[in-house]
Amino acid sequence: MTNTWSNRDHGGAETAEGRGVAVDEYSTNPTQAFTFYNINQGRFQPPHVHMVEPLPHDAPKLPGYTRFVCISDTHSRTDSIHMPFGDVFIHAGDFTELGLPSEVKKFNDWLGTLPYEIKIVIAGNHELTFDQEFMADLVKQDFYYFPSASKLKRESYENVRARLTNCIYLQDSQVTVRGLRIYGTPWQPWYYGWGFNLPRGQALLDKWNQIPDDTDILITHCPPLGFLDWVPGKMQRVGCVELLNTVQRRVQPKLHVFGHIHEGYGMMTDGITSYINASACTVNFQPMNPPIVFDLPTSRST
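Cut-offs applied
- Residues numbered from 1 in each chain as written.
- Predicted model: local features only at pLDDT ≥ 70, side-chain atom pairs only at ≥ 80, totals over all residues.
- Heavy atoms only, no water.
- UniProt positions renumbered as here; feature names shortened; annotations may be inferred.
- Helix = DSSP H or I, 4+ residues; strand = E, 2+ residues; numbered from the N terminus.
- Rg over C-alpha atoms; globule rule 2.2 N^0.38 Å.
- Buried < 20%, exposed > 50% of the residue type's maximum accessible area, 1.4 Å probe, protein only.
- Contact = heavy atoms within 4.5 Å.
- Areas by Shrake-Rupley, 256 points an atom, 1.4 Å probe, with all protein chains shown as cover.
- Lys, Arg positive; Asp, Glu negative; His and termini not counted.
- Charge placed at Lys NZ, Arg CZ, Asp CG, Glu CD.
- Pairing = 2+ DSSP bridges.
- pLDDT = per-residue confidence, 0-100.
- Phe/Tyr/Trp six-rings, centres within 6.5 Å; stacked < 30°, edge-to-face > 60°.
- Lys NZ or Arg CZ within 6 Å of the ring centre and 35° of its normal.
- Expected span 1.5 Å × (residues − 1).
- Core = buried A, V, L, I, M, F, W, Y, C linked by side-chain atoms within 4.5 Å.

- With an unreviewed UniProt entry as reference, the chain is termed Calcineurin-like phosphoesterase domain-containing protein, source organism Anguilla anguilla.
- Word for word, the UniProt comment on the chain under Sequence similarities (unreviewed entry) is "Belongs to the UPF0046 family."

This is how it looks when you write it as structure tokens:
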């Protein structure tokens, strides 16, 4: 299927690095960017963009395929979550409330009970201790916005990632599983002073530029603009414009898994990439949304 826009449309001018993505003029206003793209390019319109019904958990898996079990935003509330059959487990961040070492241990212990052959995890904005620069600034503040995290001693969290012994942790890094290249990154547009925040525009684009062109599965914590990023309470789109352009204009992965926006749970496609917002928790932080499963051929050439 061919998209109806070109790489040189608005917001997609080629950079000097040749990566095909530039900072969009509407970068700081994603709701306005969404409206512009829709009116001028039909970029989020059917038939090429539409919702997808997730695969039933009991659906048979075809020979030669790998089943991915995707979840996000569990926030230390995994006890009641039923995990379906699959081969590879993906968690797209916010597996704790504040990234406290005790929370990380609890999550790692839960991972140890899961039967999946491979388990891949990234951090989200709630994993404060995984963002070392954030923690360095937090403990210097006179007013502690996160008192239980700000009182931690450095030696208790400086190696907190090493506590995830039952998974592959990705942070701006890649792993190949069954011939599929999987890249994970935790960054997001600034959000109420939490971890892994960056300003919209060039700072985030610099992170997205690290995503390899040949990525098959992309895991981010935040959504791209226009895909499962609608916040009804604020009547706003909150996805990242530069992430959208990176995914659609340059990388074009088979699968993009994220969370962060609890209200956006579900699955969409643009005809090239399948987008999964796998947030387990609702907007009220109740773990009501089941994991989403997705099958892919194990070889890129299949």
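### Some words on the overall build of the chain
Then comes step 1: Tallying secondary structure elements over the chain gives 7 helices and 16 strands in all.
Then comes step 2: Scaling as 2.2 N^0.38, a compact globule of 302 residues should have a C-alpha radius of gyration of about 19 Å, and the chain matches this with 19 Å.
Then comes step 3: Projecting the C-alpha coordinates of the chain onto the three principal axes gives extents of approximately 50 × 50 × 35 Å.
Then comes step 4: Here the chain holds 302 residues, and the buried ones make up 57% of them.
Then comes step 5: Put simply, 66% of the contacts in the chain that link residues at least 6 apart link residues at least 24 apart.
Then comes step 6: For the chain, the exposed surface amounts to about 12800 Å²; the carbon and sulfur share of it is 53%.
Then comes step 7: Positive and negative charge centroids in the chain, built from 25 and 32 side chains respectively, lie 3 Å apart.

### Brief notes about the sheet that holds strand β3 (residues 88-91)
Then comes step 1: Taken in spatial order, the 5 strands make up an open sheet running β5-β4-β3-β2-β16, and their pairing is mixed. Edge positions in the sheet fall to β5 (168-169) and β16 (292-297), since each of these pairs with one other strand and no more.
Then comes step 2: Pairing of strand β2 (residues 65-71) with β3 involves 4 bridges; the strand directions are parallel. By the bridge assignment, Phe-68 is partnered in β3 with Val-88.

### A short note on the confidence of the model for the chain
Then comes step 1: For the chain, per-residue confidence averages 91 on the pLDDT scale, and residues scoring 70 or more make up 91% of the total.
Then comes step 2: Contacts for the low-pLDDT stretch residues 1-18, under 50 throughout, to residues beyond four places or in other chains number 42 contacts.

### Topic: the environment of Met-83
Then comes step 1: You can see Met-83 is positioned in the loop between β2 and β3.
Then comes step 2: Judged by its relative accessible area of 15%, Met-83 falls in the buried class.
Then comes step 3: Met-83 sits 26 residues away from His-57 along the chain, and the two C-alpha atoms are 9.1 Å apart.
Then comes step 4: Apart from residues lying up to four places away in sequence, Met-83 is in contact with Val-69, Ile-71, Phe-89, Trp-110, Leu-114, Tyr-116 and Pro-291.

### Some remarks on the packing of aromatic side chains
Then comes step 1: Applying the stated criterion across every chain, the model contains 17 aromatic pairs.
Then comes step 2: Ring centres of Trp-187 and Phe-196 lie 5.1 Å apart, and the angle between their planes is 80°; this geometry places the pair in the edge-to-face category.
Then comes step 3: Under the relative-accessibility criterion, Phe-196 is labelled buried at 1%.
Then comes step 4: Judged by centre distance (6.3 Å) and plane angle (45°), the rings of Trp-190 and Tyr-192 are tilted.
Then comes step 5: A relative accessible area of 44% places Tyr-192 in the partly exposed class.
Then comes step 6: By way of ring pairs, the aromatic residues Tyr-26, Phe-34, Phe-36, Tyr-37, Phe-44, Phe-227 and Tyr-275 are connected into one cluster.
Then comes step 7: The ring of Phe-34 has Arg-237 sitting right over it, with the charged end atom 4.1 Å from the ring centre.

### Focus: helix α2 (residues 101-113)
Then comes step 1: Between its first and last C-alpha, α2 extends 19 Å over 13 residues, near the 18 Å set by a 1.5 Å rise per residue.
Then comes step 2: Taken together, the buried positions of α2 are Pro-101, Glu-103, Val-104, Phe-107, Asn-108, Trp-110 and Leu-111.

### Topic: the nonpolar core
A general trend in soluble globular proteins is that nonpolar side chains are found buried together.
Then comes step 1: The biggest cluster of nonpolar side chains holds 48 residues, and the ones touching the most others in it are Met-83, Phe-89, Val-121, Phe-130 and Leu-164.
Then comes step 2: Only α1 (30-41), β2, α2, α6 (202-208) and α7 (241-251) provide two or more residues apiece to this core.
Then comes step 3: When residues of this core are assigned to their parent elements, the largest contribution, 5 residues, is made by α7.
Then comes step 4: In contact with Phe-89, not counting residues within four places along its chain, are Val-69, Ile-71, Met-83, Trp-110, Leu-111, Leu-114, Tyr-116, Ile-118, Lys-119, Ile-120 and Val-121.
Then comes step 5: If you look at the next biggest cluster of nonpolar residues, it comprises 22 residues, including Cys-70, Ile-182, Ile-219 and Leu-255.

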